[in-house]
Amino acid sequence: MSTPVPAGTLRPTRTRTVDVESGGPAEITLQDRDRTRPFLLLHGGGGPATMAGFADLLAERTHSRVLLPTHPGFAGTPKPDALTDVTALARAYVALLDQLDLQDVTLVGNSFGGWLAAEIALLGSPRVSGAVIIDGVGIEVEGHPPTDVTGLTPAQLKAHSFHDPSKAPVPPKADGNESGNDSGPSPDVRALIGYTGPTMSDPTLAGRLGDLHVPVLVLWGESDRIVTPAYGRAYAAAIPMATFTLLPRTGHLPQVETPEELLGALLDLGR
Amino acid sequence: MRTPLTVTRIAHACQLIEIGNIRILTDPWFTQTETYYPGEPLHLAADALGPIDALVVSHEHYDHCDLDALVAAGFDLATPLIGPGTVATLARGKGFRDIRAIEAWESTTVAGLTVTATPGAHGVHEVTFVIQADGRTVFFGGDSLRVPEMDAIPQRFGPIDLAILPVNGLCIRPMNLAQVVMNAEDAAALTAVLRPTLAVPHHYAFHSGRLGDRMITKGDQDPRHYADAVARIAPDIDVRLALPGVAVTVP
Ligand SMILES: [Zn+2]
Ligand SMILES: [Zn+2]
C-alpha cells in the first residue's frame with residue numbers, strides 16, 4: 001500500500017473568509033468541505049482532442065470533476081527538458097495532484113495515456129485511488145506486438161483504430177463551426193517518442209505492474225488492431241487487482257468511437 | 001448517388017439535419033435554468049448556427065422551443081418556422097414572420113423540403129414530424145410518447161432513412177409520475193415498426209438538478225438501454241449513440 005497519511009489531511013476542511021459585494025462589502029466566514037471524486041483523464045498520441053468529448057460526457061453524467069491535462073509537448077505546448085520519459089511525466093502529474101490538493105483520484109488513460117496511468121499509480125501517491133486503462137500500450141507481450149503506427153497512412157491508421165472506419169465519428173473542431181475534418185486522429189509521433197523512446201514500449205513495465213496495489217479496470221475494444229485484445233488480457237493479467245472488460249464493436253479509441261458504451265462499462269463495474 | 005444526409009445534435013432534442021444543402025434545425029434549446037440542464041455540452045451557440053432553411057418545433061416546452069435564444073442571437077426571423085398551432089401562436093409573438101402551422105398529417109413545403117406533422121402525445125399538445133427532401137426521409141420524434149397512429153408512418157411515407165427518437169421515458173413526479181416521453185422500450189418498439197436505415201436516440205442527457213431529479217422529473221439517462229432494446233427486438237437496425245457535435249452520416 002502507499003504511505004499512510006493522517007486521515008483528512010489530504011483535503012482538509014478549510015475555513016476562510018470570503019469578501020463579497022452585495023449592496024456593500026461583506027465578509028463571510030466559510031467552512032469548505034470538498035469530497036468530490038475527481039477523474040484525471042490522460043490522452044493518448046492523438047492529443048487532448050481525442051478525450052475532450054468523453055470528458056464532457058463523464059463530467060455531465062457523473063457530476064464529477066474531470067481534469068484533462070495536455071501532456072507537455074502535445075498540441076503545440078512546450079516540453080521541458082526534464083520530462084525525459086514516461087516516469088518523469090508521471091511524477092509531474094503526481095505533483096499536479098499535490099498542487100491541486102486532490103484526493104480519491106481515478107486515473108483514466110487511453111493508449112499512451114493508459115501506460116501513463118499505470119506509471120502514475122506505480123508512484124504510490126495516496127491521492128490516487130484507482131486507474132482505468134483503456135487500450136493501453138507500453139508493455140511487451142510475446143507474440144502480440146503493437147502495430148507500428150509510424151509508417152501508416154491516415155487511411156491505414158483509421159482502419160487499425162476503429163471497429164468500422166466508415167462510421168468513425170468525426171470529432172467536432174475546436175472552433176465548433178465545421179463538423180470536423182476527415183483525417184481522423186493522427187498520433188503526434190514526435191511528442192510520443194519524446195516520452196516513450198522509438199520502441200514506444202518499456203520492457204520492464206509488465207513486471208513492474210505486479211507492484212500496483214490499487215484497483216484497475218482494463219477496458220479494451222474488441223476490434224483494436226493497434227494493440228489486440230490478447231495484448232489487453234496480458235495487460236490485465238500483469239496487474240494484481242485488475243478486471244478485464246471487452247467493449248464490443250469498438251477499436252483502439254473507445255472514448256471516440258463508443259463513448260456511451262465506455263462510460264457504461266466504467267460505471268457498471270463495481271455495481 | 002444519393003443526396004447526403006447527416007444529423008448533428010446541438011444538444012438534447014435540438015438537431016441540425018442536413019439533406020444535401022438544406023439545413024433544418026429542430027426543437028431549439030440553447031440556455032439553461034435552475035432546473036433545466038441539457039446535461040451535455042452545447043455543440044453550437046445560437047449565433048453560430050449558420051444559415052437555416054427551416055426551423056421545426058414539436059411543442060412549446062422550454063427545452064424544445066427556446067425561441068428567445070434565437071431571437072437574442074439575431075436569428076433571421078424570415079426563416080420558415082414549422083410547428084403545431086400552439087407553437088405558431090408563440091412564434092408570432094416573438095416576431096417570426098413565415099409561420100407554417102400544421103397539425104397531424106398536414107404538410108408544408110419550403111424550397112425542396114416537405115415537412116409533414118405526424119401524431120404525438122405529451123404533457124402538452126405536441127406533434128412529431130416526417131421531414132423529406134431529395135428522396136430522403138427523416139422521422140423526428142421530439143419528446144413524444146409512442147402513440148399507435150405512428151405505426152402508419154411507413155405506409156404513408158415509404159422507407160425511412162433516419163429516425164430520431166426520445167428515449168428517457170420522462171416521468172413528472174408532481175403528476176403522480178405520469179410518463180410523458182417514450183422510454184427505451186417504447187422507442188425500440190417504434191423503431192421496429194418504422195424500420196429506419198439508422199436510428200439515433202436523443203432527449204436523455206437532460207436533468208433537473210440535484211433536487212429536481214428527485215422532486216420534479218424522473219428520467220433514464222442511459223441511451224444504451226435503447227440500443228440494447230433495439231438489438232433485442234430489431235437486431236438488423238443500426239443504432240448510433242452520438243455525442244453532441246458529432247456529425248452522423250446516414251448511408
Ligand atoms: Zn416536452
Ligand atoms: Zn423535452
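Everything numeric here is computed off the predicted structure, so don't read it as measured data.

About the cut-offs
Residues numbered from 1 in each chain as written. Chains lettered and ligands numbered in written order. Predicted model: local features only at pLDDT ≥ 70, side-chain atom pairs only at ≥ 80, totals over all residues. Heavy atoms only, no water. Helix = DSSP H or I, 4+ residues; strand = E, 2+ residues; numbered from the N terminus. Rg over C-alpha atoms; globule rule 2.2 N^0.38 Å. Buried < 20%, exposed > 50% of the residue type's maximum accessible area, 1.4 Å probe, protein only. Contact = heavy atoms within 4.5 Å. Areas by Shrake-Rupley, 256 points an atom, 1.4 Å probe, with all protein chains shown as cover. Lys, Arg positive; Asp, Glu negative; His and termini not counted. Charge placed at Lys NZ, Arg CZ, Asp CG, Glu CD. Pairing = 2+ DSSP bridges. Axes fitted to C-alpha atoms, helices over the stretch in contact; angles between N-to-C directions. Core = buried A, V, L, I, M, F, W, Y, C linked by side-chain atoms within 4.5 Å. Donors = N, O, S within 2.8 Å, 3.2 Å for Na, K, Ca; no water. Tetrahedral: all angles 85-135°; square planar, octahedral: opposite > 155°, others 65-115°. pLDDT = per-residue confidence, 0-100. Expected span 1.5 Å × (residues − 1). Salt bridge = Lys/Arg side-chain N within 4 Å of Asp/Glu carboxyl O.

### Description of the overall build of chain B
And then number 1: When helices and strands are counted, chain B shows six helices and 17 strands.
And then number 2: For chain B, the C-alpha radius of gyration of 17 Å lies close to 18 Å, the compact-globule estimate for 251 residues.
And then number 3: Seen along its three principal axes, the alpha-carbon backbone of chain B occupies a region of about 40 × 40 × 30 Å.
And then number 4: Evaluated residue by residue, chain B yields a buried proportion of 58% over its 251 residues.

### Notes on the overall build of chain A
And then number 1: When helices and strands are counted, chain A shows nine helices and eight strands.
And then number 2: At 20 Å, chain A has a C-alpha radius of gyration in line with the 18 Å of a compact globule built from 271 residues.
And then number 3: Across chain A, the fraction of contacts at a sequence separation of at least 24, relative to all contacts at a separation of at least 6, is 72%.
And then number 4: Accessible surface for chain A amounts to roughly 12,600 Å². Of this, 54% is attributable to carbon and sulfur atoms.
And then number 5: Across chain A, the 20 positively charged side chains and the 30 negatively charged ones have centroids separated by 4 Å.

### A short note on the sheet that holds strand E11 (residues 162–166) of chain B
Residue and element names in this part refer to chain B.
And then number 1: Judged by pairing direction, the sheet is mixed, and its seven strands sit side by side in the order E7-E8-E9-E10-E11-E14-E16 without closing on themselves. With one partner strand each, in any of the chains shown, strand E7 (107–110) and strand E16 (238–239) form the two edges of the open sheet.
And then number 2: With five bridges joining them, strand E9 (residues 128–133) and strand E10 (residues 136–140) adopt antiparallel strand pairing. Looking at E10, one finds that Ile131 is bridged to Val138.
And then number 3: The sheet contacts of helix H4 (residues 184–194) involve E10, E11 and strand E14 (198–202), and relative to E11 the element is tilted by about 160 degrees.

### Details of the nonpolar core
And then number 1: Judged by nonpolar contacts, the single largest core of 44 residues is most densely connected at Leu107, Phe112, Leu116, Ile120 and Tyr235 of chain A.
And then number 2: For this core, the secondary-structure elements that each account for two or more residues are strand E3 (39–42), helix H2 (86–100), strand E5 (105–110), helix H3 (112–122), strand E6 (128–134), helix H5 (189–196), strand E7 (216–221) and helix H7 (229–237) of chain A.
And then number 3: With near-sequence residues (within four places) excluded, Tyr235 of chain A lies in contact with Gly114, Trp115, Ile133, Gly136, Val137, Ile139, Leu205, Leu209 and Trp220 of chain A.
And then number 4: Judged by nonpolar contacts, the second largest core, of 28 residues, contains Ala13, Ile102, Leu113 and Ala133 of chain B.

### Structural notes on the coordination of the zinc ion (ligand 2)
All names here are of chain B.
And then number 1: Around the zinc ion (ligand 2), the protein contributes the donor atoms Asp63 (OD), His64 (NE2), Asp143 (OD) and His203 (NE2), which lie 2.1 to 2.3 Å from the metal centre.
And then number 2: Relative to the metal, the four donor atoms surrounding the zinc ion (ligand 2) lie at angles of 86 to 154 degrees, and the coordination shape comes out irregular.
And then number 3: When the donors of the zinc ion (ligand 2) are listed by position in the chain, the intervening gaps give D-H-x78-D-x59-H.

### Overview of the confidence of the model for chain B
And then number 1: Per-residue confidence for chain B averages 97 on the pLDDT scale, and 100% of its residues sit at or above 70.
And then number 2: Here the complex is predicted with pTM 0.92, and the ipTM for its interfaces comes to 0.90.

### So, unusual backbone geometry
All names here are of chain B.
And then number 1: In the Ramachandran plot, His12 falls in the positive-phi region, its phi being about 60 degrees despite a non-glycine side chain.
And then number 2: Within the element layout of this structure, His12 appears in the loop between strand E1 (5–11) and strand E2 (14–19).
And then number 3: Under the relative-accessibility criterion, His12 is labelled buried at 1%.
And then number 4: A positive phi angle, close to 30 degrees, is found at Ala111, a residue other than glycine.
And then number 5: Along the chain, the position of Ala111 falls in the loop between E7 and strand E8 (113–118).
And then number 6: Look at Ala111 and you get exposed, because its relative accessible area is 74%.

### As for H2 of chain A
For an α-helix, 3.6 residues make a turn, and residues three or four places apart therefore share a direction.
Residues and elements named next belong to chain A.
And then number 1: For H2, which comprises 15 residues, the first-to-last C-alpha distance of 21 Å matches the rise-based estimate of 21 Å (1.5 Å per residue) to within 8%.
And then number 2: Turning to H2, its buried residues are Val86, Ala88, Leu89, Ala90, Tyr93, Val94 and Leu97.
And then number 3: The inward-facing, buried residues of H2 abut E3, E5, H3, E6 and H5.
And then number 4: Positioned one or two residues after H2, Asp101 has a phi angle of 55 degrees, which is positive.

### Here we look at the pattern of salt bridges
All names here are of chain A.
And then number 1: One pass over the full model with this rule turns up 23 salt bridges over all chains.
And then number 2: Residue Arg16 pairs with Asp32 through a salt bridge whose shortest N-O separation is 3.2 Å. With Arg16 in strand E1 (residues 14–21) and Asp32 in strand E2 (residues 25–32), this residue pair connects regions lying 16 residues apart in the sequence.
And then number 3: When its relative accessible area of 29% is taken as the criterion, Asp32 is described as partly exposed.
And then number 4: For the salt bridge of Arg127 with Asp98, the shortest nitrogen-to-oxygen distance reads 2.6 Å. Here Arg127, found in the loop between H3 and E6, pairs with Asp98, found in helix H2; they are 29 residues apart in sequence, far enough to count as distant.
And then number 5: Using a relative accessible area of 10% as the deciding quantity, one classes Arg127 as buried.

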